[in-house]
Amino acid sequence: MEIFIQDIVEEFHVPFKDPVLILFFIFLIILASNLFVRKLPIPNIIVLIISGIIIGPNGLNLIERNLALSLYSIMGLLFIMFIAGLELDLNEFIQNKYNSILFGILTFIIPFSLSLPLFYFVFGYSLLASLLVSSMMSTHTLVSYPIVSRLGLSKHKVVPVALGGTILTDTLALLAFSLIIKIHEEKFNLSYIYTFTIALIFYVFFMITVIPKFIRKILGVIESEKYSEFIFILFVVFLSALFAIISGLEPIIGAFIAGLILNKFVPNSSILMNRIEFIGNAIFIPFFMISVGMIVDLKLFFQDYETLTIIISISLLALFTKWLAAYIYQKIKKIPSINRQLLFGLTSSHAAATVVIILIGFEAGIVDKSILNATILLILISCIFSAIVTEKSAKRIVIQEKMNLEKADVISESPKIPSFSEKILVTVANIENIEKLLEFSIYIREPDSKNSISILSIILDHKYSEKRILNLKHELEKHVANVEVKDSKIDTIITVDYNVPKGITRVCKEIMANILVLGWPKDRGYLEKIFGEKLQNILENTNKTIFICYFQKPLPVHKNIILMTPPFSEHEEGFFIWFNKIINLSKQLNVPIRIYCNLETKSYMEKLLINMKYLQNISFLIFNDWEDYQSIVSEDKGDDLFVFVSSRKGRVSYLSYFDNQI
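Calculation criteria
Residues numbered from 1 in each chain as written. Predicted model: local features only at pLDDT ≥ 70, side-chain atom pairs only at ≥ 80, totals over all residues. Heavy atoms only, no water. Helix = DSSP H or I, 4+ residues; strand = E, 2+ residues; numbered from the N terminus. Buried < 20%, exposed > 50% of the residue type's maximum accessible area, 1.4 Å probe, protein only. Contact = heavy atoms within 4.5 Å. Pairing = 2+ DSSP bridges. Axes fitted to C-alpha atoms, helices over the stretch in contact; angles between N-to-C directions. Expected span 1.5 Å × (residues − 1). Core = buried A, V, L, I, M, F, W, Y, C linked by side-chain atoms within 4.5 Å. Phe/Tyr/Trp six-rings, centres within 6.5 Å; stacked < 30°, edge-to-face > 60°. pLDDT = per-residue confidence, 0-100. Polar contact = N/O pair within 3.5 Å; in protein donor to acceptor, adjacent residues only side chain to side chain. Left-handed = near helix turned anticlockwise from the far one by under 90°. Nonpolar A, V, L, I, M, F, W, Y, C, P; charged D, E, K, R; others polar. Salt bridge = Lys/Arg side-chain N within 4 Å of Asp/Glu carboxyl O. Bend = angle between axes of the 7 residues up to and from the residue. Patch = residues over 30% accessible without salt bridge, like charges linked within 9 Å, V, L, I, M, F, W, Y side chains within 5 Å. Areas by Shrake-Rupley, 256 points an atom, 1.4 Å probe, with all protein chains shown as cover.

Student: For this particular structure, what's the right way to read the overall build of the protein chain?
Tutor: When helices and strands are counted, the protein chain shows 25 helices and nine strands. Across the 662 residues in the protein chain, those meeting the buried criterion constitute 51%. Intrachain contacts of the protein chain at a sequence separation of at least 6 include 80% that bridge at least 24 residues.

Student: Would you mind showing me how to read the sheet that holds strand E5 (residues 545-549) here?
Tutor: The strands making up a sheet associate through hydrogen bonds between their backbones, and the pairing can be parallel or antiparallel. Pairing is parallel in the open sheet, where five strands are placed in the order E3-E2-E1-E4-E5. At either end of the open sheet lies a strand with only one pairing partner, and these are strand E3 (490-497) and E5. Shown here is a sheet whose adjacent strand axes are inclined to one another by a mean of 25 degrees, direction ignored. Alignment of strand E1 (residues 424-427) against strand E4 (residues 515-519), held across three bridges, turns out to be parallel.

Student: What's the story with the pairing of strand E7 (residues 593-597) in this structure? I'm lost.
Tutor: One face of the sheet, then the other: side chains in a regular strand alternate in exactly this way. Across the five residues of E7, four count as buried, placing the element largely inside the fold. In terms of strand pairing, strand E6 (residues 560-564) meets E7 through four bridges, oriented parallel. Residue pairing in the sheet places Met564 in a bridge with Tyr596 of E7. Here five bridges tie E7 to strand E8 (residues 618-622), and the two strands are oriented parallel to one another.

Student: Looking at this structure, how should I read helix H12 (residues 251-262)?
Tutor: Each full turn of the α-helix corresponds to 3.6 residues, which orients residues three or four apart in the same direction. For H12, with twelve residues, the first-to-last C-alpha span of 16 Å sits near the 16 Å given by 1.5 Å per residue. Every buried residue of H12 is listed here: Ile252, Ile253, Gly254, Ala255, Phe256, Ala258, Gly259, Leu260, Ile261 and Leu262.

Student: Quick question: what am I supposed to make of the nonpolar core here?
Tutor: Side chains of nonpolar character tend, in soluble globular proteins, to be buried together. Formed by 104 residues in total, the largest nonpolar core has its most connected members in Phe82, Ile252 and Ile276. Leave out the neighbours within four places in its chain, and Ile252 touches Leu77, Leu78, Met81, Leu174, Phe177, Val356 and Ile360.

Student: In this structure, what is going on with the packing of aromatic side chains? I would like to understand it.
Tutor: Remark: the centre distance and the inter-plane angle together describe each pair of aromatic rings, the angle taken between the planes. All told, the structure shown has 28 aromatic pairs when counted by the stated rule. With centroids separated by 6.0 Å and ring planes inclined at 20 degrees, the aromatic side chains of Phe202 and Phe206 adopt a geometry described as stacked. Here the residue Phe202 and the residue Phe206 both occupy positions in helix H10 (residues 190-221), the gap between them amounting to four residues, near one helical turn. With a relative accessible area of 53%, Phe202 lands in the exposed category. Feature note: the residues Phe575, Phe576, Trp578, Phe579 and Tyr604 constitute an aromatic cluster, connected by ring pairs.

Student: I tried to follow the sheet that holds E8 on my own but got confused; where do I start?
Tutor: If you trace the four strands from one edge of the open sheet to the other, you get E8-E7-E6-E9, paired in parallel fashion. With partners counted over all chains shown, the strands left at the sheet margins are E8 and strand E9 (640-644), one partner each. Averaged over all pairs of adjacent strands, the angle between strand axes in this sheet comes to 20 degrees, irrespective of strand direction. In the packing of helix H23 (residues 575-589) onto the sheet, contacts are made with E6, E7, E8 and E9, and the angle to E6 comes to roughly 165 degrees.

Student: Please explain the confidence of the model for the protein chain as it appears in this structure.
Tutor: Reading predicted coordinates in detail is not appropriate for stretches of low pLDDT. Across the protein chain, pLDDT averages 80, with 84% of residues at or above 70. Ranking the elements of the protein chain by mean pLDDT puts helix H21 (residues 526-531) last with 44 and E7 first with 93. Residue range residues 409-413 is modelled with pLDDT below 50. Its contacts to residues more than four positions away, or to other chains, number four contacts. Scored below 50 in pLDDT, residues 526-532 makes 13 contacts in the model with residues more than four places away or belonging to other chains.

Student: Could you clarify how one ought to interpret the side chain of His558 in this entry?
Tutor: As for its position among the elements, His558 is in the loop between E5 and E6. The class for His558 is buried, based on a relative accessible area of 9%. A distance of 3.1 Å separates a polar atom in the side chain of His558 from the backbone oxygen of Leu555. Not counting chain neighbours up to four residues away, the residues in contact with His558 comprise Lys553, Val591, Asp639, Asp640 and Leu641.

Student: When you look at the packing of helix H14 (residues 305-333) against helix H15 (residues 337-347) in this model, what are you seeing that I'm missing?
Tutor: Pairs of packed helices are described in terms of their axes, by the angle between the two and the distance that separates them. Close contact between H14 and H15 brings their axes to 9 Å; oriented N to C, the two are set at 145 degrees. Judged by the sense of rotation from one axis to the other, the crossing of H14 with H15 is right-handed. For the pair formed by H14 and H15, the contact residues are Leu319, Lys322, Trp323, Ala326, Tyr327, Tyr329 and Gln330 on the first element and Ser337, Arg340, Leu343, Phe344 and Thr347 on the second. Looking at side-chain class alone, the contact of H14 with H15 contains seven nonpolar, three polar and two charged residues.

Student: I'm lost on the environment of Val652 in this one. Help?
Tutor: In this fold, Val652 is placed in the segment after E9. With relative accessibility at 9%, the residue Val652 sits in the buried group. Measuring from C-alpha to C-alpha, the distance between Val652 and Phe568 comes to 6.5 Å, with 84 residues separating the pair along the chain. With residues up to four places along the chain from it excluded, the contact list for Val652 reads Lys395, Val398, Ile399, Phe568, His571 and Glu572.

Student: Is there a simple way to think about the pattern of salt bridges in this case?
Tutor: When charged atoms on two side chains of opposite charge get close, those side chains can pair. Tallied over the full model, the rule gives nine salt bridges. Put simply, Arg506 and Glu510 hold a salt bridge, and the shortest N to O gap is 3.2 Å. Taken together, the positions of Arg506 and Glu510, both in helix H20 (residues 500-510) and four residues apart, correspond to about one turn of that helix. Classification of Arg506 as partly exposed rests on a relative accessible area of 27%. You can call Glu510 exposed: its relative accessible area is 52%. For Lys553, the salt bridge is made with Asp639, and the minimal N-O distance between the two is 3.9 Å. Taken together, the positions of Lys553 in the loop between E5 and E6 and Asp639 in the loop between helix H25 (630-634) and E9 put the pair 86 residues apart, joining distant regions of the chain.

Student: I'm lost on the side chain of Ser393 in this one. Help?
Tutor: In this structure, Ser393 sits in helix H17 (residues 369-408). In this structure Ser393 comes out as buried when scored by relative accessible area, which is 1%. Ser393 has contacts with Ile338, Gln341 and Leu342, leaving out every residue within four places of it along the chain.

Student: In this structure, what is going on with H10? I would like to understand it.
Tutor: Its 32 residues give H10 an end-to-end C-alpha distance of 45 Å, which sits within 8% of 46 Å, the value for a rise of 1.5 Å per residue. The largest bend along H10 measures about 35 degrees and falls at Met207. Restricting attention to buried positions, one finds in H10 the residues Tyr192, Phe196, Ala199, Tyr203, Phe206, Met207, Ile211, Pro212, Ile215 and Leu219.

Student: Explain a nonpolar patch on the surface here, please?
Tutor: On the surface, a cluster of nonpolar side chains totalling about 440 Å² of accessible area is made up of Tyr120, Phe121, Val122 and Leu127. Counting residues per element, the nonpolar patch draws most heavily on helix H6 (residues 97-122), at three residues. Within the secondary structure, Leu127 is located in helix H7 (residues 127-138).

Student: When you look at the environment of Tyr614 in this model, what are you seeing that I'm missing?
Tutor: Mapped onto the elements, Tyr614 comes out in the loop between helix H24 (599-612) and E8. The exposure class assigned to Tyr614 is buried, which follows from its relative accessible area of 5%. Ignoring any residue separated from it by four or fewer positions in sequence, one finds Tyr614 in contact with Ile583, Ser586, Lys587 and Leu609.

Student: Just to check I follow, could you spell out unusual backbone geometry for this structure?
Tutor: The phi angle of most residues is negative, glycine excepted, and most peptide bonds adopt the trans form. Phi at Asn61 takes a positive value of approximately 60 degrees, unusual for a residue other than glycine. Structurally, Asn61 is set in the loop between helix H3 (44-55) and helix H4 (67-87). Phi at Lys334 is positive, roughly 55 degrees, even though this residue is not glycine. Tracing the backbone through its elements, the reader meets Lys334 in the loop between H14 and H15. On the accessibility criterion, Lys334 (72% relative accessible area) is exposed.

In structure tokens:
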């Protein structure tokens, strides 16, 4: 027994030696980063790097950076560059090639040329180190692209320019980096130039002409064998990386080129693309990011004045040079300043190629730890800054475009509610609340709607599920019978699922519901706070109009409807739906609506109400102090029905003041 306990204690000595224990901690970190990152205003990549700093030799020293971890790290390194090439839209690049080439050259040359003299003359780094840092400064990663996509601006005229510029600037930076490595290895001479030129021409020719035919032939043979298809893709990546090494290039360039070549063979929405991203983002890339963090030494951040100066200089210079490139492009192409801000926001973040270049340069001995640490901090600062600038400018563009459309539209003076076939889904967690939720749904329903109201209840998968379904069905039918439904048809849906939010979103798609009525969520448990609220999961996985209801009193006893409408709500896609439903509620209850909003929203609503021929029982109060919205609530004497309008996080009218307070 003593020997057994002693063996366990030895296994837990740091750094850990047991491979199972090491893998347990690493996967625990990856899992935790995925769960907690949505609660934090920083990208997942930063959480993983910080985790690596904490568990690495310069932190708690739990895990050492050994050969096995390095192997996974190399896989992640190549996966980053491969996926970067795979996700780039080459068609957009071709369609906007001249603008993309112009911007790509600007966003490469300006950071490179301004960084080189700073690090060589001011900080006194060697020429090779200065060249390597300068090539790193010229790269960028489109970390904030999902923001643009979410707001529906992926086809905006400057977005393809940013995408195409990324292809060019990263390719130039990686080529420059590859030459710097060869010079450092003292392999750069006249003979090497001849050999490298011939090998590069042969490599490009081989990858462009031979490999695509090979890929097309093999994929045609193994199309039905999904595992073989995925393994073949990996084979092509490492084949390209190997040929790049033989040609005198860095393997990361080979992986990047493999992504560009496989671009047309792996559609973005394909199952194969899903598998590639899943394996890369779930395992290999997190391993790489954690291993990068394990090299970082936080003590060097504050070791001396010079190190701190380097950190500040790199961060400011990186942001300024990317802004300058966007500014010069704006002046040349004469685009609006808001478009320049979006272009700058998209291209100001440093991540994938940046960390790859600086890590290999550090391991080759070209740059020291102070540069590596400063680069990690640059990734953190630039990613957060990029997200803020991109979201702010993208929202302004969305609002401007919508306003321009309204001005150009001949019927903009009287906007109309679009016709749609409504389908209301009422979800029931507490069966005692069903009658109030159903009553509310009947009030907001269109009088001429042909679709029934569906009541949904989710039962978690259990060995007694069938018995519980029968009992619940009986209870639902009893409560439905107590509600006066008039001409409204009501049907019940009871389904089994292992997860309530997933079950709700699944049924929502199956019956094509466009309005979802939920009960107010109960107090959150400890685990729910950690792993995400059910309501939040539903919001993230549906794009439906959702009414979240809490009724302390019967609906007919209310004297007023207080509608709190944040700025820019009229620009949201679901505006017409919820606004019409509140009007229906007002008509059914025969109570006035008091709307708190700003002048722009008031003007838009008034035009809409004129077209709806419904001006009675409506009053407006201009309200701009949304941080103090609780002052309106405090005036309630218990007779008012409050309706708070809130968009999903990241949308143009989203206000964080409503979070966790209402």
